[in-house]
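Chain and residue survey
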Amino acid sequence: MAERIRVRFAPSPTGKVHIGNIRAAIFNWLYARHVGGEFLLRVEDTDLERSTPEAIQALLDCMRWLRLDWDGEILYQTSQRAHHLEVAEDLLRRGLAYRENKGGQGECVIFRMPKEGVIEYDDLVKGHMRKQAKDTQDFVIVRSDGSPVFHLANVLDDITQGVTHIIRGDDHVENTFKHIMLFRAIGAPVPQYAHLPMIVNNQGKPYSKRDGSAFVGEFRELGFVPDALFNYLALLGWAPGDDREVMTRAEMVGAFDFAKCKASPARFDIKKLTWMNGEYIAREPRADFEAAFDARLQAAGLPTEPLNGLRDALLDEIQPRTKTYGDVPANCRWFFAEDYPFDPKAVAKRLHAEGVPALLDEVAAALEALPGFDVPAIEAAVRALAEARGAGLGALVHPIRVAVSGRAEGPGLFETLWLLGRERSLRRLRGVAARLREGSL
RNA sequence: GCCCCCAUCGUCUAUCGGUCAGGACACGGGCUUUUCAUGCCUGUAAGAGGAGUUCGAUUCUCCUUGGGGGUGCCA
């Protein structure tokens, strides 16, 4: 019977989870689910300074938000310290490691790397890898202060957890040769390795917070939905081979394959992520959209009920054009509050034109005279007025829109007026006309 | 310096020797006879350079160039 495949995500909790890091988690998860193996979580909390309970909580929140469910209990690396040191002692006894005091920092334990021959392995994404022993160096496994170093702890914990496949960032490639020798020295089977290309910025350097949002929490704040972020990140370095891009979890799990993973770095493109996020939001069930939508309005100090009611009709207009939830308050504030900001560019272009005040008053009068105030009637009235003035529809539509919303874009104008309601529309139209005349806008 | 890796449109990618080098994002144009969004149609845009192997290279090999990673007490 084949051995059950086990992979792991082994982050050190530092308070914030970097997208490059979570991408590694995503690939691990995808692979585990694809092969029906186990996805383990190990918290490498050896840095006591940064590994606070809050940092660990932030990590777990992030995992849950992205629905990266793990199997079994979490292994905390600090709990393995005694074991790590025992093994170091054993390596020492067997002459595979030695003590040395270099630079007067005290004695540390150093692992011996081979002096001749070659170390090689087959990387699931990078192919055959080899390194001459002469190009390697012995390395510290226990610091002079008695604490185990990453290399030792990492390898031992992988043995303890029965990890069969190590899927991690490209920055660990060099460590792999060291780790392989450690596995051998300890007498444990060497796992399979898969090194994922780095996520880089426009300069081709590792993507960092200097390049924009780099932590999962920030994307959450900005109003990206977890499935979109997951989907986008999964596509950085992997493609199913056909032209699918927006995919469900099940589709991604089904199609995932290291043979389709690229070995070259991938640039992070916020524009494409934003597009994909819009795709996900547009397809969300209305209840989900409403929950996120309301939360954003409330956070901005706005009511969740539009000034003129008609909430469902309003949401029909808003949902398909929402790219990120963070944009919600600014994009539809005028439907929920009487005070709404005017975009200076829109004002300059559409309102600061000859005859606009008179036009707005005329529109108001026409709308006021309407027997009923519904979309077809509004449209007919505006069109009739345009014709009477011998003007194009655009000459009326744009100033009206900016007057009632302060912005140059939004739902269709006739729908916008209807959603706003007659009284409010008239008041805004006349109010803006007056302000334009007195030069206060 | 030394070691390792990488290289297709601006970006993410498809192509597993023979393709009009395809798709998506972004950008431009058009239509849906108002904006924005959506949808549909459409345009611009790529195999870093040089050898070699081959009837034939984006694809295989080598070199150069460029980029990235690593280089004994970060992880």
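Further remarks concern the overall build of chain A. Regarding its fold elements, chain A presents 18 helices and twelve strands. Since a compact globule built from 441 residues should have a radius of gyration of about 22 Å, the 30 Å found for chain A marks it as more spread out than a globular shape. By its C-alpha atoms, chain A is 100 × 50 × 35 Å across when sized along the principal axes. Within the span of chain A, comprising 441 residues, buried residues form 49% of the whole. Considering only contacts in chain A between residues 6 or more positions apart, those separated by 24 or more positions represent 74%. Looking at charge distribution, chain A has the averaged site of its 57 positive side-chain charges lying 4 Å from that of its 62 negative ones.

Among the 62 residues in the neighbourhood of RNA strand B, the closest are listed as Ile110, Arg143, Lys205, Glu245 and Arg321. Considering RNA strand B, the proportion of its atoms within 4 Å of the protein that are sugar or phosphate atoms stands at 71%. The contact in question runs from a phosphate oxygen of RNA strand B to an N or O atom on the side chain of Arg143, over 2.5 Å. In this structure, a base nitrogen belonging to RNA strand B sits 3.5 Å away from a main-chain N or O atom of Pro411. Here the element with the most residues in the surface near RNA strand B is helix 16 (residues 393–405); it accounts for four residues.

Here chain A shows a mean pLDDT of 93. Residues at 70 or above account for 100%. Per-element averaging of pLDDT across chain A places helix 13 (residues 344–351) at the bottom with 86 and strand 1 (residues 6–9) at the top with 98.

The next point concerns the sheet that holds strand 8 (residues 139–142). The strand order across the open sheet built from three strands is 4-5-8, with neighbouring strands paired in antiparallel fashion. Both outer strands of the open sheet, strand 4 (97–101) and strand 8, are each paired with one neighbouring strand and no more. The average angle at which neighbouring strand axes cross in this sheet is 50°, direction not considered. Relative to strand 5 (residues 107–111), strand 4 runs antiparallel, the two being bridged by five bridges. For Tyr98, the partnering residue across the bridge sits in strand 5 and is Ile110. In this fold helix 3 (residues 81–93) packs onto strand 4, strand 5 and strand 8, with an angle of close to 100° to the strand it touches most, strand 4.

So, on to the packing of aromatic side chains. A complete count under the given rule lists 18 aromatic pairs for this structure. Their ring planes at 65° and their centres at 5.7 Å tell us that Tyr121 and Phe177 sit as a pair that is edge-to-face. Of this pair, Tyr121 sits in strand 6 (residues 118–123) while Phe177 is found in helix 5 (residues 173–186), placing the two residues 56 residues apart along the sequence. Comparing Tyr121 with Phe177 shows no difference in burial state: the two are buried. Consider the rings of Tyr121 and Tyr193, whose centres lie 5.6 Å apart with planes at 65°: the pair is edge-to-face. On the criterion of sequence distance, the pair formed by Tyr121 in strand 6 and Tyr193 in strand 10 (residues 192–196) is long-range, its members being 72 residues apart. The class for Tyr121 is buried, based on a relative accessible area of 7%. For Tyr193, a relative accessible area of 1% corresponds to the buried category. Each residue in the set Phe27, Tyr31, Trp238, Phe256 and Phe258 is aromatic and connected to the rest through ring pairs, giving one cluster. The ring of Phe27 carries the charged tip of Arg23 above its face, separated from the ring centre by 5.1 Å.

What follows concerns the packing of helix 3 against helix 4 (residues 150–160). The contact between helix 3 and helix 4 brings their axes to 10 Å, and the two run at 105°. Considering the angle they form, helix 3 stands roughly perpendicular to helix 4. Residues His83, His84, Val87, Ala88 and Leu91 of helix 3 touch helix 4, and the partners they reach there are Leu152, Ala153, Leu156, Asp157 and Thr160.

Among the secondary structure elements, Asn201 is positioned in the loop between strand 11 (199–200) and helix 6 (216–222). Since its relative accessible area comes to 7%, Asn201 is described here as buried. In this view, Asn201 contacts Pro206, Tyr207, Asp211 and Arg267; residues no more than four positions away in its chain are not counted.

Once that is clear, we can look at the domain arrangement of chain A. What the domain assignment lists for chain A is domain 1 (6–73 + 199–271), domain 2 (77–196), domain 3 (284–335) and domain 4 (344–437). Put simply, the middle of domain 1 and the middle of domain 3, counted by C-alpha atoms, are 29 Å apart. Contacts between domain 1 and domain 3 engage six residues on the former and five residues on the latter. A buried area of about 350 Å², summed over both sides, lies between domain 1 and domain 3, and 50% of it is on carbon and sulfur atoms.

Ranked by size, the top nonpolar core spans 109 residues in total, and within it Ile22, Leu233, Trp238, Phe268 and Leu367 carry the most contacts. Take this core: its biggest share by element is ten residues, from helix 1 (residues 19–35). What Leu367 contacts, discounting residues up to four positions off in sequence, is Phe373, Ile378, Ala381, Leu417, Arg422, Leu426 and Leu429.

Here His151 shows up in helix 4. A polar contact of 2.9 Å, which involves the side chain of His151, links it to the side chain of His179. Those residues in contact with His151, other than ones at most four positions away along the chain, are Phe139, Val140, Asn175, Lys178, His179 and Leu182.

Criteria and thresholds
- Residues numbered from 1 in each chain as written.
- Chains lettered and ligands numbered in written order.
- Predicted model: local features only at pLDDT ≥ 70, side-chain atom pairs only at ≥ 80, totals over all residues.
- Heavy atoms only, no water.
- Helix = DSSP H or I, 4+ residues; strand = E, 2+ residues; numbered from the N terminus.
- Rg over C-alpha atoms; globule rule 2.2 N^0.38 Å.
- Buried < 20%, exposed > 50% of the residue type's maximum accessible area, 1.4 Å probe, protein only.
- Contact = heavy atoms within 4.5 Å.
- Lys, Arg positive; Asp, Glu negative; His and termini not counted.
- Charge placed at Lys NZ, Arg CZ, Asp CG, Glu CD.
- Near = heavy atom within 4 Å.
- Polar contact = N/O pair within 3.5 Å; in protein donor to acceptor, adjacent residues only side chain to side chain.
- pLDDT = per-residue confidence, 0-100.
- Pairing = 2+ DSSP bridges.
- Axes fitted to C-alpha atoms, helices over the stretch in contact; angles between N-to-C directions.
- Phe/Tyr/Trp six-rings, centres within 6.5 Å; stacked < 30°, edge-to-face > 60°.
- Lys NZ or Arg CZ within 6 Å of the ring centre and 35° of its normal.
- Parallel < 35°, antiparallel > 145°, perpendicular 65-115°, else oblique.
- Domains from an automatic or database assignment.
- Buried area = accessible area lost by both parts, 1.4 Å probe.
- Core = buried A, V, L, I, M, F, W, Y, C linked by side-chain atoms within 4.5 Å.

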